[in-house]
Amino acid sequence: MLRFIVRRVLQAVPTLFGLSILLFIWVRALPGGPEYALLPENATAEQRAALRRAMGLDDPVIVQYGAFLGRLLQGDLGQSLQTGRPVLTEFAMKFPATVELAVMAMIIAVSAGVPLGYLAARRSGGALDSLVVGGSLVGICTPVFFLAFVLKLVFAEQLGVFPSAFRQTPGIDATRITGLFVVDGIATREWDAAWDAFMHLVLPGLALASIPLAVIVRMTRAGVIEVLGEDYVRTAEAKGLHRRTVRGRHVLRNAMLPVVTAIGLLSGALLAGAVLTESVFAFGGIGQFIYSATQTRDYPVLLGFILIIAALYVLINLIVDISYSLLDPRVRVS
Amino acid sequence: MITRRKGRLLAPAAAAAALALVAAGCAQSERDAGGDPNETRPLIFAGTGDPRSLDPVLANDGETFRVTRQVMETLLEHEPGGTEIQGGLAESWEQSEDGTEWTFHLREGVTFHDGESLDAEAVCANFDRWNGFTGDYQSSNQTYYWQNVFGGFAENEDEELPESIYDSCTAEDELTAVIRVTEPSAVFPGAFSLSSFAIMSPASIEEAAGQEVGGEEGAPVLPDYSQEAGVIAGTGPYTYSEWDHDGREVTLERYDDYWGEPANIKTLIIKTISEENARRQALEAGDVHGYDLVAPADVQPLEEAGFQVPVRDVFNVLYMAYNQEASEELEDPQVRQALAHAVDRQRIVDTILPEGGEVASQFIPETVDGWSPDVQTYDHDPDRARELLEEAGQEDMTIDFCYPTEVTRPYMPAPKDIFDIIQSDLKDVGLTIEADSKPWDEYIPHTDSGNCSLYLLGWTGDFNEAYNFLGTWFGGYDSAWGFRDDEVFSVMEEVASEPDPDKRTELYQEANEVIMDYLPGLPISHSPPSIVFSPDVEPPPVSPLTQEQFDQASFK
């Protein structure tokens, strides 16, 4: 197992290195530059030129990349041009919001998706099945911003049940430790703050969960239908095992393998979906920050954030691979 | 069996949902607790972006200034709700005849938030600090407005930086500060009202001095004192209480020893909501009490729903630039005039701009000193446009026309809609238009490099001085405009060094007349950027310069 992990981590190094070159070329190929985004409309050409010089953007790209790589090897991703804070500080500040949101979305997607998929499979062809399959299709097709708009209209504006934006009520007296507001509230026993943060997570969590939920429903349904027809299920039933045991140990567990793979892959999609969800809910995570960094040509943030996310993506998929062996003893990581 | 199982699966979800609804109801009712709302409820205002720094000299954007302006004050300021310059920390001021010496008589009894008194030495310490900036502080990204007004620094580290025109600041007595510059400039005294030049306490300066800009060369890390509340003490009606970077909010608390009327509302919170629809929904849901830059299409529905959308006076200009280097046909004055006659600017104002918008007769709004009633005007007259094009032999002209996408600017609320009207007007007089759209982040580099023959752009004034509008565009050759005209450049050169404000106003009027005769582009409109407040708030006086002072707001 350890050898497997080490090998996978080493495999990731050239991937990330190649990605860094592609990213470096891409961000510099974007038209315009930070000297336009950071100075007002009527700044003079001289002022813009001076800023480019000061930021070292007039040096050959290869020289700039060398400097970037040199810093990277020392664990330094540079500074955000937009905010004037180190990229790592910015990431540490913004990442917890996205983690909270992604975890919430994944909890919603899994806790609703697996039972719904299972029920649909059990009643395959019935009304519930059609409803679930149809609903999941709508979930996949609905743009996140539209869903967010409708959710806010109904639950925030009309019913006033959930807040329409932010991570916590402005001005709330809350202690910050990890940046995960719900966790911080629980850890400090500031129950109001934890509950407040949780309530702020519900609508963006639902909006972000729509696509993974739909995918998980469909995959669970397909998996369960397939496994239900397997010989070993019939054998298990024939030898008189309790129905709950058959369904839990034999059907669901086997049907879950592709679902777990999907969850790993969906975590990447969640980060992508978070860009829009965070914007429309003013949630302040990495998605929103990357978007604004693209607008302002904040090269260090674009490079740094995307590289960290890529590394995390590799890590998540490694965990998914390891979890196979836990779900299915026949799978050995090697 | 299946029914029972389904119940087992759905029951926890239903219970959780019910609990959430009950708890949400509790949370909502807690939020509406009683007491004097000005003392118990924070006023929450949504800005469109995060502030950059709590020290305004290190910023050049309105989102930063919206926050710092509540806490830190300038020597001069604009009258509440207007554009006239009036005393701020300086009760009165005078200038020497040659415009190189500015004497400020400070208010008595002004104290900083750390308890120190405001005096002339404190003012000079601020100006000396700014002129003495070294290292990465000299990047135009860090100290844009200082460089814009004073050029460079005491010791320039980039040899291409112009020399600083700041000479010295002396405390003549406790409440008299004299600032000397090496040459007169048209931007004074207006520039002394710039939010960047707000005064902080000598103790704050001392503490800030120990904090260098860090980071790599060219990518500076802003010093800690500018990133967290606690160091900077200003003189304004609010103090910095907390900057929650995670929660994207700045909390300000009332300063009870303020020299003027203390703020009505005890706590003011500025939150960031970048997305336009999210701002509106947050207001409608009661999560914020107001926001800036309301989309024109939202104004009427918000008013009908009971929200307050006070109208600001206009202080900006939208223009269609003609770049003569991009299209040599535009070198012909008749072509430039024909395009001006072709565009129905009144239709743009009537159908796209919010209430209070006006057709622009020149490149500055009427509220700016130096506006001329005698400029050459170009009424909407398609027949005259066709005639002029025919005389110029350009009746079948093809021309490219750029406009930005994914952006709303205070002077340009709906660029595509404005473009569509102008395009249809130009087609109507026989022109063939090649539309060229670019997202905002690519747009200015695109137009600046001379890629567009016609393009839409504009400017919102920083202070009431026509040079702040005309200076950058017409002070000399600029690749964004691509023309050289001695008459235009010389009148601008003359006004730039005229120390007498009255004479300068006359020269600006002359400049506007010369510019509109030459017609380097077509000024289209002046548009009031909209701001909105919830029905339970008495809004502060709205400012044409978007410089609202929230100490004057209150809950009804």
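Described below are features of the structure shown in this document. For every chain, the first residue of its written sequence is number 1, and the numbers climb from 1 along that sequence. Here the convention is simple: chains get letters from A, ligands get numbers from 1, in the order in which they are written. Local features are withheld for residues below a pLDDT of 70 in this predicted model, meaning they are given only at 70 or higher, and side-chain atom pairs are given and counted only at 80 or more; totals for whole chains, interfaces and linings count all residues. Think of the side-chain values as coming from all heavy atoms in the structure, minus any hydrogens and water.

What follows is about the overall build of chain B. The number of helices and strands found in chain B is 16 helices and 22 strands. Taking the principal axes of its C-alpha atoms as reference, chain B extends roughly 85 × 80 × 45 Å. Counting over 556 residues, chain B shows a buried share of 59%. Partitioning the intrachain contacts of chain B with sequence separation of at least 6 by distance along the chain shows that 69% fall at a separation of at least 24. Here, Shrake-Rupley sampling with a 1.4 Å probe gives the accessible areas, and only protein chains in the shown set may cover a residue. Looking at chain B as shown, the accessible area adds up to about 20,800 Å², and 43% of this sits on carbon and sulfur atoms. Residues counted as positive are Lys and Arg, residues counted as negative are Asp and Glu, and His and the chain ends are not counted. To locate a charge, take NZ of a lysine, CZ of an arginine, CG of an aspartate or CD of a glutamate. A gap of 14 Å separates the mean positions of the 32 positive and 109 negative side-chain charges of chain B. A run of DSSP states H or I qualifies as a helix once it reaches four residues; a run of E qualifies as a strand once it reaches two. Both are numbered from the N-terminal end. For every residue, the accessible area obtained with a 1.4 Å probe (protein chains only) is divided by the maximum for its type, and the residue is called buried under 20%, exposed over 50%, and partly exposed between those limits. By definition, residues are in contact when any of their heavy atoms lie within 4.5 Å.

Looking now at the overall build of chain A. Counting secondary structure elements, chain A contains 13 helices and 0 strands. Helices and strands appear in chain A in the N-to-C order α-α-α-α-α-α-α-α-α-α-α-α-α. Seen through its C-alpha atoms, chain A measures out along the principal axes to roughly 85 × 55 × 40 Å. Taken over 334 residues, chain A has a buried fraction of 51%. Long-range pairs, those at least 24 residues apart, make up 73% of the contacts in chain A with a sequence separation of at least 6. Accessible surface computed for chain A: about 14,900 Å², of which carbon and sulfur atoms make up 69%. The positive charge centre, built from 28 side chains, and the negative charge centre, built from 23, are 11 Å apart in chain A.

Moving on to the packing of helix H7 (residues 144-158) of chain A against helix H11 (residues 243-280) of chain A. Residue and element names in this part refer to chain A. Here an angle of 0 to 180 degrees is reported between the N-to-C directions of two axes, which are lines fitted to C-alpha atoms, with helices fitted over the stretch in contact. Where H7 meets H11, the closest approach of the two axes is 9 Å, and the angle between their N-to-C directions is 35°. For the element pair H7 and H11, the recorded crossing hand is right-handed. Each of Val144, Phe145, Ala148 and Lys152 in H7 lies in contact with H11, whose residues at this interface are Leu276, Thr277 and Val280. Each residue gets one label: Ala, Val, Leu, Ile, Met, Phe, Trp, Tyr, Cys and Pro are nonpolar, Asp, Glu, Lys and Arg are charged, and the others, such as Gly, are polar. Its residues placed into classes, the contact of H7 with H11 shows 5 nonpolar, 1 polar and 1 charged. For any pair of crossing helices, the crossing counts as left-handed if the nearer helix is rotated counterclockwise from the farther one by less than a right angle, and right-handed if it is rotated clockwise.

Moving on: the sheet that holds strand E1 (residues 43-47) of chain B. Residue and element names in this part refer to chain B. The rule for pairing is simple: two strands pair if DSSP sees at least two bridges between them. Strands sit in the order E10-E11-E12-E1-E13-E20 across an open sheet of 6 strands; the sheet is mixed. Only two strands of the sheet have a single neighbouring strand rather than two, namely strand E10 (238-244) and strand E20 (531-533). Going across the sheet, the axis of each strand differs from the next one's by a mean of 20°, ignoring polarity. Taken together, the 5 bridges between E1 and strand E12 (residues 267-272) define a ladder with parallel strand orientation. The partner of Leu43 across the bridge, within E12, is Leu268. Along the sheet face, helix H7 (residues 276-284) touches E1, strand E13 (290-292) and E20 and points at about 160° away from the line of E13.

With that settled, the discussion passes to the packing of helix H5 (residues 87-122) of chain A against H11(A). Residues and elements named next belong to chain A. Across the interface, H5 lies against H11 with an axial gap of 8 Å and an inter-helix angle of 140°. Comparing their axes, H11 and H5 come out oblique. When you trace H5 past H11, the crossing you get is right-handed. Each residue belonging to the contact of H5 with H11 can be placed in one class, and the counts come to 15 nonpolar, 3 polar and 4 charged. In this scheme, roughly parallel covers angles under 35 degrees and roughly antiparallel covers those over 145, while 65 to 115 is roughly perpendicular and the rest are oblique.

This part is about the sheet that holds strand E7 (residues 176-181) of chain B. In sheet architecture, strand pairing relies on hydrogen bonds along the backbone and comes in two forms, parallel and antiparallel. Residues and elements named next belong to chain B. Spatial strand order, E4-E5-E7-E6: 4 strands in an open sheet with antiparallel pairing. Edge strands, defined here as strands with exactly one partner in the open sheet, are strand E4 (90-95) and strand E6 (166-173). On average, each strand axis in the sheet is inclined to that of its neighbour by 20°, with strand direction left out of account. The pairing of E4 with strand E5 (residues 101-106) spans 5 bridges and is antiparallel. Within E5, the residue paired with Gln95 across the bridge is Trp102. Sitting on the sheet, helix H4 (residues 120-131) touches E5, E6 and E7, and the angle it makes with E6 is about 170°.

What follows concerns helix H8 (residues 296-304) of chain B. All names here are of chain B. Within H8, burial applies to Asp298, Val299 and Leu302. Buried residues in H8, looked at end-on, bunch into an arc of 115°, giving them a common side. Opposite the buried face of H8, by more than 90 degrees, sit the exposed residues Ala297, Gln300 and Glu304. On its buried side, H8 packs onto H7, E13 and E20. The first or second residue beyond H8 is Gly306, which carries a positive phi of 100°. Within this analysis, the arc is defined by the directions that extend from the helix axis to the C-beta atoms.

What follows deals with the interface of chain B and chain A. As a measure of interface size, the accessible area lost when the parts come together is often cited. Taken together, the contacts link 65 residues of chain B with 61 residues of chain A. A simple way to read buried area is as the amount of 1.4 Å-probe accessible surface that goes missing from two parts once joined, with both sides added. When chain B packs against chain A, close to 5,600 Å² is buried across both sides, 54% of that on carbon and sulfur atoms. When a carboxyl oxygen of Asp or Glu lies within 4 Å of a side-chain nitrogen of Lys or Arg, that pair is called a salt bridge. One can count 5 salt bridges joining chain B with chain A. Polar contacts, as used here, are pairs of N or O atoms within 3.5 Å; protein pairs need one atom able to donate a hydrogen and one able to accept it. Residues neighboring in sequence count only if both atoms are side-chain atoms. Across the chain B-chain A interface, the total number found is 19 residue pairs in polar contact (both at pLDDT 80 or more). Ranked by the residues each element gives to the side of chain B that touches chain A, the list is headed by helix H1 (residues 2-31) of chain B, at 10 residues. Grouping the constituent residues of the side of chain B that touches chain A by class yields 26 nonpolar, 18 polar and 21 charged.

Quick look at the state of the cysteines now. All names here are of chain B. Cysteine sulfur pairs qualify as disulfides if the two atoms are within 2.5 Å. Scanning all chains against the criterion turns up 2 disulfides over all chains. The disulfide partner of Cys124 is Cys169, and the S-S distance across this bridge is 2.1 Å. On the sign convention where negative means left-handed, the S-S torsion of about -65° between Cys124 and Cys169 marks this disulfide as left-handed. With Cys124 in helix H4 and Cys169 in strand E6, the pair connects residues that are 45 residues apart, well separated along the chain. Taking relative accessible area as the criterion, Cys124 reaches 5% and is therefore assigned buried.

Two aromatic rings from Phe, Tyr or Trp, using only the six-membered ring of Trp, form a pair when their centres are within 6.5 Å; if the ring planes differ by under 30 degrees the pair is stacked, by over 60 it is edge-to-face, and anything between is tilted. Across all of its chains, the model carries 47 aromatic pairs over all chains by this definition. The interplanar angle of 80° and the centroid separation of 5.0 Å between the aromatic rings of Tyr144(B) and Tyr145(B) together place this pair among those described as edge-to-face. With relative accessibility at 4%, the residue Tyr145(B) sits in the buried group. Here the aromatic cluster, defined as three or more aromatic residues joined through ring pairs, consists of Trp102(B), Phe104(B), Phe127(B), Trp130(B), Trp146(B), Phe150(B), Tyr166(B), Phe188(B), Phe192(B) and Phe197(B). A cation over an aromatic ring shows up here: Arg85(A) above the ring of Trp243(B), its NZ or CZ 5.6 Å from the ring centre. Whether a charge sits over a ring comes down to the Lys NZ or Arg CZ being within 6 Å of the ring centre and within 35 degrees of the ring normal.

In this section: unusual backbone geometry. Put simply, Phe188(B) and Pro189(B) share a cis peptide bond, and its omega is 5°. Here Pro189(B) is to be found in the loop between E7 and helix H6 (202-209). The backbone of Arg189(A) shows a phi angle near 60°, a positive value even though the residue is not glycine. If you trace the backbone, Arg189(A) turns up in the loop between helix H8 (181-187) and helix H9 (191-228). Positive phi, close to 45°, is recorded for Ala282(A), a residue that is not glycine. Mapped onto the elements, Ala282(A) comes out in the loop between H11 and helix H12 (286-296).

That is the geometry; function is a separate question.
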